[in-house]
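Structural overview
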Amino acid sequence: MAMVMGKSMTANAKHTLQFAPSSTQKSQGKHRLLASSVAFQTSSSLIAKGTTTICTLPKSRSLAVKAVVTNSSATVSKTPTEEAVKTRNPDLATVLVAEKLGEGGLDLLRKVSNVDALYNLTNDELCEKISNYDALIVRSATKVTRKVFQASNGRLKVVGRAGVGIDNVDLDAATELGCLVVNAPTANTVAAAEHGIALLTAMARNAAPADASMKSGKWERSKYVGVSLVDKTLAVMGFGKVGSEVARKAKGLGMHVISHDPYASADRARAIGVELVSFDEALARADFISLHMPLTPTTDKIFNDDTFKKCKKGVRLVNVARGGVIDEEALLRAIDSGVVAQAALDVFTTEPPKEGDSSWALVQHKNVTATPHLGASTVEAQEGVAVEIAEAVAGALAGELAATAVNAPMVPAEVITELAPYVTLAEKLGRLAVQLVSGGAGVKQVKVVYRSARDDGDLDTRLLRAMITKGLIEPVSSAFINLVNADYVAKQRGLKISEEREASVSAAGAPLESVSVTIADVDSKFASATGDLTRSITLEGKVKDGVPHLSKVGNFNVDVSLEGSIIFYRQVDQPGMIGKVGSILGEENVNIAFMSVGRTLRGLDAIVAIGTDEDLSKATIQKLADIPAIGELVFLKL
Ligand SMILES: NC(=O)C1=CN([C@@H]2O[C@H](COP(=O)(O)OP(=O)(O)OC[C@H]3O[C@@H](n4cnc5c(N)ncnc54)[C@H](O)[C@@H]3O)[C@@H](O)[C@H]2O)C=CC1
Ligand SMILES: O=C(O)C(=O)COP(=O)(O)O
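Since the model is a prediction, treat every value here as computed from it, not as a measurement.

Attention now goes to the overall build of the chain. Each helix and strand counted, the chain has 21 helices and 29 strands in total. Counting every position in the chain, which comprises 638 residues, the buried fraction comes to 50%. By sequence separation, contacts in the chain at least 24 residues apart represent 72% of the contacts at least 6 residues apart.

Below, the structure is given as structure tokens:
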């Protein structure tokens, strides 16, 4: 008699708890996030409609989301006060705010988490502390490097960038380690655009040097004759949120505005009277150039010696984007040669500039107007950004994937709502299937078949694939898997997941009729789970009345709700079996939640799937396995 207990696998099975939003949170405005958030579900429970869990933390650090005001308060200290540590609520997530954040955001965070506001940490100090935190909030000064993610030992689950540019966060490292990165992309747009215009006008009229001259007691009217903006051509490089706002304002100043942005829509540009042109044409025509693109490998030093050669002599340059989009040495040369008449810079390659470097030399140059990265620094923008990022981080900790996630696929809220029970089903199928694998060859090939009446374009399977991956990998490893890193982790482990669609005519309205997961090229602890192919394990599931059900084990039809734990066994189809099994479970106080018998032919074999509320002891499993008519038996945890 082949009898296998699922012990070694189940011992490894991890229990994760989702962060589900409470009504309190929703009443505090979380519903705004839900409207455009991606949800992600864990193994442990069903979720509120429209949300799914992106972050699952070990139970000990689970976030009981409730309105609790902790005693931790904003401080400029580098370590939390003893009082703050003592009064920490262990049921709440702990958030490190590493740069100055508006009070509105801090208040919001304090209601749902323990908050340490510790500013001016060095990178080493951040690395030392980060393993104490579930979330980190930064602005542009903190470099969230791979070292930081590694130093967190897997605890850090969310990084919130209180602003737009995420060039100070190592997104590859975040993604690989399953850490969600969110930003606050809208609240500082107007501030940055206003600062761009402030620098443009201040530069044209020499406001800063004239002010410095007057403060030194001089009255130099002829030295500071400026240039007019009206009728001049402004090239806005990057027609995104800030760029288009600058364009709108510059139109109001009577400028002729052209723009280069490889991804901008011509209609949007036309709507505000802006002509979209090529990069070279923008340079050739502009009297003023204003930079508004992100710093990426493509835009790194996009303004260099070659670029400046293409500019009109005497062009004036404004940069409120990122210092790195300009080769600063080349800009110094261009200013010295008169190609660039003036520059107004808010951002630098090195912030703050250090004596001797190119940023420093630019700041000191008489033709340069400089501000210390002030684009987002208005009272209004900082309050807005603080609330925007606090909502995004709290939402992510509560299991929602904020609309501003920058390293996870965005799935519309209505798709999440619709797929929620299938997401649970997908994880549980993966979790069950991998527990049926025997031997140490490892799972390398998995085929997922979605039976659906929907067209391909009408069924987004990314969430389902990610959850199957989670289910397959988490029970047999220490990996933490979520929507952020599922594909990455699968690839790292050489796990190939192929997806197929089968058309079905039934299940009117439902996105899916069934999902099946086949692990190929493995031996099974439960031979009956192998389907038509030898050395493969196939499980199929369906959603009934919103509840995930197992519908097939190998070629046997079963119907068992996927809750609690499951016993599978193969038995000779004969009377009295249910009674025998039931009384053994009863003696051990194990409650049967569901039971399903699937047989091939009367009198031949049957597969029985029993859902139990309690776990089975080794002795109970042995007693069941010893029943003579039972051929093979496994106990699996969901
Ligand atoms: N100085 C400061 O305090 C602030 C700086 N910023 C920076 O301003 C920049 C723009 O921010 P948003 O408008 O909010 O971002 P956004 O994402 O709305 O716009 C960026 C635009 O740049 C375009 N782009 C990408 N590559 C380009 C290229 N090679 N050439 C031309 N355009 C390109 C994109 O298509 C997009 O339309 C970012 O670098 C951001 O970090 C934003 C806020 C405050
Ligand atoms: O939002 C951005 O991209 C900014 O550059 C603002 O940076 P800050 O948050 O002021 O350090």
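Moving on, we get to the site of ligand 2. If you check the shell around ligand 2, you find Arg-139, Ser-140, Ala-141, Ala-162, Gly-163, Val-164, Gly-165, Asn-188, His-373, Gly-375, Ala-376 and Ser-377 and nothing else. Looking at side-chain class alone, the shell around ligand 2 contains 4 nonpolar, 7 polar and 1 charged residues.

This part covers the site of ligand 1. Around ligand 1 there are 32 residues in total, and Gly-165, Gly-238, Gly-240, Val-242 and Gly-375 lie nearest to it. Within the residue set of the shell around ligand 1, elements represented by two or more residues are α8 (189–204) and α10 (241–252). Of the residues forming the shell around ligand 1, the biggest block, 3 residues, is contributed by α10. Of the residues that constitute the shell around ligand 1, the class distribution is 16 nonpolar, 12 polar and 4 charged.

Let us look at the nonpolar core. By size, the foremost hydrophobic cluster in this structure holds 175 residues, and its most contacted members are Leu-136, Ile-137, Val-393 and Phe-568. At 12 residues, the largest contribution of residues to this core is made by helix α17 (residues 413–435). Residues contacting Ile-137, with those up to four places away along its chain left out, are Val-95, Val-97, Ala-98, Leu-101, Gly-160, Ala-162, Ile-389 and Val-393.

Put simply, Glu-351 and Pro-352 share a cis peptide bond, and its omega is -5°. Mapped onto the elements of the fold, Pro-352 is located in the loop between β15 (340–345) and α15 (358–364). Positive phi outside glycine occurs at Lys-301, with the angle close to 50°. Relative to the helices and strands, Lys-301 resides in the loop between β13 (288–291) and α13 (305–309). The class of Lys-301 is partly exposed, set by 16 C-beta atoms lying within 10 Å.

Ordered in space as β12-β11-β10-β13-β14-β15-β16, the 7 strands form an open sheet in which the pairing is parallel. The open sheet has two free edges, formed respectively by β12 (275–276) and β16 (368–370), since each of these has just one partner strand. Looking at chain direction, strand β10 (residues 233–237) and strand β11 (residues 256–260) are connected through 5 bridges and run parallel. Within β11, the position partnered with Met-237 by the bridge is His-260.

A separate point is the domain arrangement of the chain. Size of an interface, as often reported, equals the accessible area lost when the parts are brought together. For the chain, the assigned domains read domain 1 (89–183 + 378–408), domain 2 (187–370), domain 3 (411–561) and domain 4 (563–637). When each unit is reduced to the centre of its C-alpha atoms, the spacing between domain 2 and domain 3 is 53 Å.

If you trace the 6 strands from one edge of the open sheet to the other, you get β20-β19-β21-β23-β24-β25, paired in mixed fashion. Looking at the sheet topology across the chains shown, the edges are occupied by β20 (496–503) and β25 (556–561). Averaged over all pairs of adjacent strands, the angle between strand axes in this sheet comes to 20°, irrespective of strand direction. Strand contacts of helix α18 (residues 462–473): β19 (445–452), β20 and β21 (514–520), with the helix running at about 130° to β20, the strand carrying the most contacts.

This next bit is on helix α4 (residues 103–112). Burial of α4 is extensive: 7 of the 10 residues sit out of reach of the surface. Regarding α4, the residues found buried are Gly-105, Leu-106, Leu-108, Leu-109, Arg-110, Lys-111 and Val-112.

Mapped onto the secondary structure, Glu-588 falls in the loop between α20 (577–587) and β27 (592–599). Residue classification places Glu-588 among the partly exposed positions, given that 16 C-beta atoms sit within 10 Å. Taking the C-alpha atoms as reference, Glu-588 lies 37 Å from Leu-419; in sequence the two are 169 residues apart.

Describing two packed helices takes the angle between their axes plus the distance from one axis to the other. It is at 8 Å that the axes of α8 and α10 come closest, and there the two elements cross at 50°. Here α8 lies oblique to α10, going by the angle between them. The handedness of the crossing between α8 and α10 is right-handed. On α10, the residues that touch Thr-189, Val-190, Ala-192, Ala-193, Gly-196 and Ile-197 of α8 are Lys-241, Val-242, Glu-245, Val-246, Lys-249 and Ala-250.

It is worth spelling out the confidence of the model for the chain at this point. Scored by pLDDT, the chain has a mean of 85; 86% of the residues are at 70 or more. Confidence over residues 1–75 falls short of pLDDT 50; this stretch has 213 contacts with residues more than four positions distant or in other chains. Taken together, the chains of this predicted complex give a pTM of 0.75 and an interface ipTM of 0.99.

Turning to helix α14 (residues 328–336), a few remarks are in order. Among the residues making up α14, those that are buried are Glu-328, Ala-330, Leu-331, Ala-334 and Ile-335. For α14, the angular spread of buried residues about the axis comes to 150°, placing them on one side. Elements that come into contact with the buried residues of α14 comprise α13, β15 and α15. Downstream of α14 by one or two residues, Gly-338 has phi in the positive range, about 85°.

A few words now on the environment of Lys-618. By secondary structure assignment, the location of Lys-618 is in helix α21 (residues 618–625). Taking the C-alpha atoms as reference, Lys-618 lies 30 Å from Val-446; in sequence the two are 172 residues apart.

The next thing to look at is the environment of Ala-376. By secondary structure assignment, the location of Ala-376 is in the loop between β16 and α16 (379–397). Using a count of 26 C-beta atoms within 10 Å as the deciding quantity, one classes Ala-376 as buried. Residues Ala-376 and Arg-285, 91 residues apart in the sequence, show an inter-C-alpha distance of 29 Å. Ignoring sequence-local partners within four residues, the contact set of Ala-376 consists of Gly-163, Asn-188, Ala-191, Ala-192, Ala-381 and Val-385.

With respect to burial, strand β23 (residues 536–544) is a largely interior element, 8 of its 9 residues being buried. Here β21 pairs with β23 via 6 bridges, running antiparallel. Each residue of the ladder has a partner; that of Ser-516, found in β23, is Glu-540. Where β23 and strand β24 (residues 547–553) come together, 6 bridges link them in antiparallel fashion. Across the sheet, the residue bridging to Leu-539 is Val-553, located in β24. Counting the residues in the hairpin turn of β23 and β24 gives 2 residues, including Asp-545, whose phi is positive at 50°.

Quick notes on the rules
Residues numbered from 1 in each chain as written. Chains lettered and ligands numbered in written order. Predicted model: local features only at pLDDT ≥ 70, side-chain atom pairs only at ≥ 80, totals over all residues. Helix = DSSP H or I, 4+ residues; strand = E, 2+ residues; numbered from the N terminus. Buried ≥ 20, exposed ≤ 12 C-beta atoms within 10 Å, placed from the backbone. Contact = placed C-beta atoms within 7 Å. Near = placed C-beta within 6 Å. Nonpolar A, V, L, I, M, F, W, Y, C, P; charged D, E, K, R; others polar. Core = buried A, V, L, I, M, F, W, Y, C linked by C-beta atoms within 7 Å. Pairing = 2+ DSSP bridges. Domains from an automatic or database assignment. Axes fitted to C-alpha atoms, helices over the stretch in contact; angles between N-to-C directions. Parallel < 35°, antiparallel > 145°, perpendicular 65-115°, else oblique. Left-handed = near helix turned anticlockwise from the far one by under 90°. pLDDT = per-residue confidence, 0-100. Arc of directions from axis to C-beta.

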